Amino acid sequence: MYCIKEKWSKIREYIFLVLLAFEILIRLFDHSTVGIKHYAIGFPLISLELFWIPVMVGILYVADLFFNGGIIKNIRKLIFDGVIGVFFVIASYTSTNFHLLAVGVFLICSDKASMRNISKVIAASLLAGTVVIAVLSQVGLAEDIMVYRFNRVAHSLGFPHYAFPARQLLFAWCAYLYAKTKKESWPMLILQLGLIYLIYYFTTQRLTVIVFVAVWIMYIVFVKYELINISSLFIKLCSLIGFAVAGAGSLIITYLYDPAVMWMEKLDTLLNGRLNVGNLAFDRYKIALFGPNPIIAPENAEGYFYMDCGYLEVIINYGLIIFIITTVLYTIIHLYSCCKKDNMLFVWLTAIMVYTVVDCVWLDMTGAATALILFGAILSEIKKENSKLFLRKQK
């Protein structure tokens, strides 16, 4: 027992990272057109993703309490984590979207691993899963849904929509850049820009590629050359209000959308009809504390009613409470990046803030939520820094 306790920090990190990798990979295959539900192993894998992995992470949480002083010593953390956890559980059941359980569990328990190692696993899992499924789609083991757009064919590469591979690779790339300890060289940056063009060529995902290019430019400005000081009062203020303004602004303009207003109509055209569909959502659904209605529902025989704004999707599908909690958590991470001069984390969170306006992956473990789960690790870092500061003052 003593030997296990001595090595516990490494053991718990390894377990956490393995579970995280499995969660992301299974989620990707569940998202794909591989059709794992049609295989004998399909339902056990989905049960693992939805239930057993969150349970195992919860057991890891309890074991960590045991090795680190028990309930009494960690009572404040237990209460804080418990409040967040309860809200995520309630939202999962009221929305019938049990993928949210994993998001809640992983963000609470991410103090079991370092931020860099979590990012490495995120990057590797998203990249490997997306590439494997893309390969399967080209050898006939998954369907490559093709749509004719912009005078060429858009490929879904084994996913239900051509948007999926582009956005997964976007967040894999952000996690990869954050995990690196050395700055990218110019040859690597040029190569990455070329890969961004290839992603656009095969998927025709314009808005995602615009964010790709924005991240590429921000990396040069904020990370490679550090031309702007993110710890300045102005940038801190922007990070403090950024997610709230982006979220509230998206909701307000969608609610007030009127196609008769020229600038709104032009903006809606630029956003591929997102404002119009979002406005219909406000007509169809009421915003509750815990949203009971799924927003992806059959509209008619010709298609589906699909929400393409993360802020709107969360507040309608999961409710006002989860929307506020999610906004606060992302804001804390964004502000932390400024206070610690963590430039790449700032770029990553800024990209999420913008991208969430045009896609509903704010709480998706194959999308933006991969950054959200860093929250527990960040709280752990803050706690360590406060402890060191306290010891210095004592001396």
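Details of the structure are given in the entry above.
Residues numbered from 1 in each chain as written. Predicted model: local features only at pLDDT ≥ 70, side-chain atom pairs only at ≥ 80, totals over all residues. Heavy atoms only, no water.

The next subject is the overall build of the protein chain. The number of helices and strands found in the protein chain is 18 helices and four strands. Here the C-alpha radius of gyration of the protein chain, 21 Å, is about what a compact globule of 395 residues would show, namely 21 Å. Split into buried and exposed, the 395 residues of the protein chain put 52% on the buried side. Considering only contacts in the protein chain between residues 6 or more positions apart, those separated by 24 or more positions represent 72%. When the accessible surface of the protein chain is summed, it comes to about 19300 Å², and 70% of that surface belongs to carbon and sulfur atoms. Of note, the protein chain has its 33 positive side-chain charges centred 13 Å away from the centre of its 25 negative side-chain charges. (Helix = DSSP H or I, 4+ residues; strand = E, 2+ residues; numbered from the N terminus. Rg over C-alpha atoms; globule rule 2.2 N^0.38 Å. Buried < 20%, exposed > 50% of the residue type's maximum accessible area, 1.4 Å probe, protein only. Contact = heavy atoms within 4.5 Å. Areas by Shrake-Rupley, 256 points an atom, 1.4 Å probe, with all protein chains shown as cover. Lys, Arg positive; Asp, Glu negative; His and termini not counted. Charge placed at Lys NZ, Arg CZ, Asp CG, Glu CD.)

To continue, consider the packing of aromatic side chains. Under the counting rule described, the total for this entry stands at 21 aromatic pairs. Taken together, a centroid distance of 5.2 Å and an interplanar angle of 55° make the contact between F222 and F346 tilted. Of this pair, F222 sits in helix 10 (residues 206-224) while F346 sits in helix 16 (residues 343-355), and the two are 124 residues apart along the sequence. Neither residue differs from the other here; F222 and F346 are each classed as buried. In this structure, R152 packs its charged tip against the face of Y200, placed 4.9 Å from the ring centre. Positioned above the aromatic ring of F164 is the side chain of R167, whose terminal nitrogen or guanidinium carbon lies 4.1 Å from the ring centre. (Phe/Tyr/Trp six-rings, centres within 6.5 Å; stacked < 30°, edge-to-face > 60°. Lys NZ or Arg CZ within 6 Å of the ring centre and 35° of its normal.)

Right, let's get into the pattern of salt bridges. Going through the model one piece at a time under the given rule, you end up with twelve salt bridges. Between R12 and D64 there is a salt bridge, and its shortest N-O distance comes to 2.6 Å. With R12 in helix 2 (residues 8-31) and D64 in helix 3 (residues 42-67), this pair connects stretches of sequence that are 52 residues apart. Both residues of the pair, R12 and D64, count as buried. Residues K112 and D111 are paired through a salt bridge, measuring 2.6 Å at the closest nitrogen-oxygen approach. Like K112, the residue D111 is buried in the burial classification. (Salt bridge = Lys/Arg side-chain N within 4 Å of Asp/Glu carboxyl O.)

Another aspect to go through is the side chain of E184. Relative to the helices and strands, E184 is located in the loop between helix 8 (163-179) and helix 9 (186-203). At 3.1 Å, the side chain of E184 and the side chain of Y176 are in polar contact. When near neighbours in sequence (up to four residues on either side) are disregarded, E184 contacts Y176, L177, L189, Q192, Y219 and K224. (Polar contact = N/O pair within 3.5 Å; in protein donor to acceptor, adjacent residues only side chain to side chain.)

Below, the discussion takes up the nonpolar core. Judged by nonpolar contacts, the single largest core of 117 residues is most densely connected at L20, F106, L107, I118, L345 and W348. When sequence neighbours within four positions are dropped, the list of residues in contact with W348 reads S119, I122, F171, C174, A175, Y178, T370, A371 and L374. (Core = buried A, V, L, I, M, F, W, Y, C linked by side-chain atoms within 4.5 Å.)

Now for the environment of M264. By the element assignment, M264 lies in helix 12 (residues 262-270). The exposure class assigned to M264 is buried, which follows from its relative accessible area of 9%. Considering only alpha carbons, one finds M264 and N276, twelve residues apart in sequence, at a separation of 9.6 Å. Setting aside residues no more than four positions away along its own chain, M264 makes contact with L256, Y257, D258 and L275.

Here strand 1 (residues 146-149) runs beside strand 2 (residues 152-155); their pairing, made up of four bridges, is antiparallel. Counterpart to M146 in the pairing with strand 2 is H155. Adjacent in sequence and paired antiparallel, strand 1 and strand 2 are bridged by two residues, among which F150 carries a positive phi angle near 50°. (Pairing = 2+ DSSP bridges.)

Quick look at helix 7 (residues 115-138) now. Taking 1.5 Å as the rise per residue, helix 7 with 24 residues should run 34 Å; its terminal C-alpha atoms sit 35 Å apart, in good agreement. Once helix 7 ends, the next one or two residues include G140, with phi positive near 90°. (Expected span 1.5 Å × (residues − 1).)

Within the element layout of this structure, R27 appears in helix 2. Beyond its immediate sequence surroundings of up to four residues, R27 is in contact with E49, H99, D364 and T366.

Attention now moves to unusual backbone geometry. If you check the backbone angles, E226 has positive phi at about 50° while not being a glycine. Relative to the elements of secondary structure, E226 occurs in the loop between helix 10 and helix 11 (233-255). At K341, a residue that is not glycine, the phi angle is positive and equals roughly 55°. With respect to the helices, strands and loops of the structure, K341 is situated in the loop between helix 15 (320-339) and helix 16.

The residue G376 is located in helix 18 (residues 375-394) in this model. For the pair G376 and L45, spaced 331 residues apart in sequence, the C-alpha to C-alpha distance is 26 Å. Not counting residues up to four positions away in its chain, the partners in contact with G376 are L107, I108, S110 and D111.

Bringing the state of the cysteines into the picture now. Evaluation of the coordinates by the stated rule reveals zero disulfides. Here C339 is not cross-linked by a disulfide; its sulfur's nearest cysteine counterpart is in C338, at 6.7 Å. The exposure class of C339 is partly exposed, given its relative accessible area of 47%. (Disulfide = S-S within 2.5 Å.)

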